[in-house]
Amino acid sequence: MIFVTLEHILTHISFSIISIVITIYLMNLLIREIVGLWDSSEKGMIGAFFSITGLLISRWVYSGHFPLSNLYESLIFLSWGLSIIHMIPKIGNLKNDLRTITGPSAIFTQGFATWGLSIEIHQSAILVPALQSQWLMMHVSMMLLSYAALLCGSLLSIAFLVITFRKRVDVFDKSNNFFIKLFFFDEKKYLNTKRSVFKNTSFLLFQNYYKYQLTQRLDYWSFRVISLGFSFLTIGILSGAVWANEAWGSYWNWDPKETWAFITWTIFAIYLHTRTNQSLQDINSALVASIGFLIIWICYFGVNLLGIGLHSYGSFN
């Protein structure tokens, strides 16, 4: 009973902390950046991480098994994984471009787990025979950590595409205006227009330089995080195959969950391949990662909605 009460307290503490962190992000985004608030938000995410860690440990103690047996526990673990990814740049004293992705992702994940699922799913139950294995911790934790990393990396790729697309639209609009003026203006007006363009060139170059820096950082972190997630996914699939052989007598059964996990692995393998080809980098690889974002959600939630196959214990029912 003590651990159940502790779990409820830690759930509300972690959710409250992450909510405050998101509010700080919005204040800095909509009003102005305040260094003190940024520092507070970073400390808040660390506090949320330890709260979620305590929640998982308390649930592990009173349930007697690693807390990855149902959808609620997997979502809490996913939120925990997002918190870890959030703190990776902090360890290396690097500019944290991940925080705008990991912060909202963590709160939405935990919010859905806390308020979006029925009370019955929240309850810890005795493991079904297929889950009573030492492979539970290895396989499911690797898969969820891969989901956390791949989702973050995919969202960074989507942000990269949005910024790049907007930049190209701006350039297209400016070039159209230039040709309209060239067609309708006389020579004197055209030369005056050209001089004014040269005067503003330094400001445009300055602005474009920082846009370029931002897109490069987004592309850099997207590649690094997706590479990490792909490694976790590979380990998760391999360990799952070994576990499946022990539980069901076959390494691979083309179960819906297994099939979509294989599709997810293939999509991100294609992404990593495009990174090795200079002509396919940046936009092309970002498009592949964006497709991967949808595939992950189908693999994680779509199959659970159906509630069929050998992995039906992770469904909403």
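By convention here, each chain's residues receive numbers from 1 onward along its written sequence. Only residues with pLDDT of at least 70 get local features here, since the model is predicted, and only at 80 or more are side-chain atom pairs given and counted; chain-wide, interface and lining totals rely on the full set of residues. To obtain the side-chain values, all non-hydrogen atoms of the structure were used and water was disregarded.

I'd love a proper account of unusual backbone geometry, names of residues and values included.
Its identity as a non-glycine residue notwithstanding, Trp254 has a phi of 50°, on the positive side. Only runs of H or I of at least four residues qualify as helices and only runs of E of at least two qualify as strands under DSSP, and these elements are numbered from the N terminus. On the secondary structure map, Trp254 appears in the loop between helix H8 (201-248) and helix H9 (256-276).

Help me get a handle on the pattern of salt bridges, residues and values and all.
By salt bridge we mean one thing: a side-chain nitrogen of Lys or Arg within 4 Å of a carboxyl oxygen of Asp or Glu. The tally for this structure, following the rule as stated, stands at 2 salt bridges. Where Glu73 meets Arg59, a salt bridge forms, and the shortest distance between an N and an O atom there is 2.6 Å. Taken as a pair, Glu73 in helix H3 (residues 71-91) and Arg59 in helix H2 (residues 35-63) lie far apart in primary sequence, 14 residues in all. As far as the burial class goes, Glu73 and Arg59 line up, both buried. For Arg275, the salt bridge identified is with Asp219, shortest N-O distance 2.7 Å. With Arg275 in helix H9 and Asp219 in helix H8, the pair connects residues that are 56 residues apart, well separated along the chain. In this structure Asp219 comes out as buried when scored by relative accessible area, which is 9%. Residue burial is assigned from relative accessible area. The probe radius is 1.4 Å, only protein chains are included, and a residue is buried under 20% of its type maximum, exposed over 50%, and partly exposed in between.

Summarise the UniProt feature "transmembrane region" (unreviewed entry) in the chain; cite the residues concerned and give the values.
UniProt positions are given in the numbering used here, feature names are shortened, and annotations may be inferred rather than shown by experiment. Under the feature "transmembrane region" (unreviewed entry), the UniProt entry names residues 12-31, 43-62, 74-91, 144-165, 221-244, 259-274 and 286-310. This span, residues 221-244, is 100% helix and 0% strand, and a straight line between its end C-alpha atoms measures 34 Å. Spanning residues 259-274, this segment combines 100% helix with 0% strand, and its end C-alpha atoms are found 23 Å apart.

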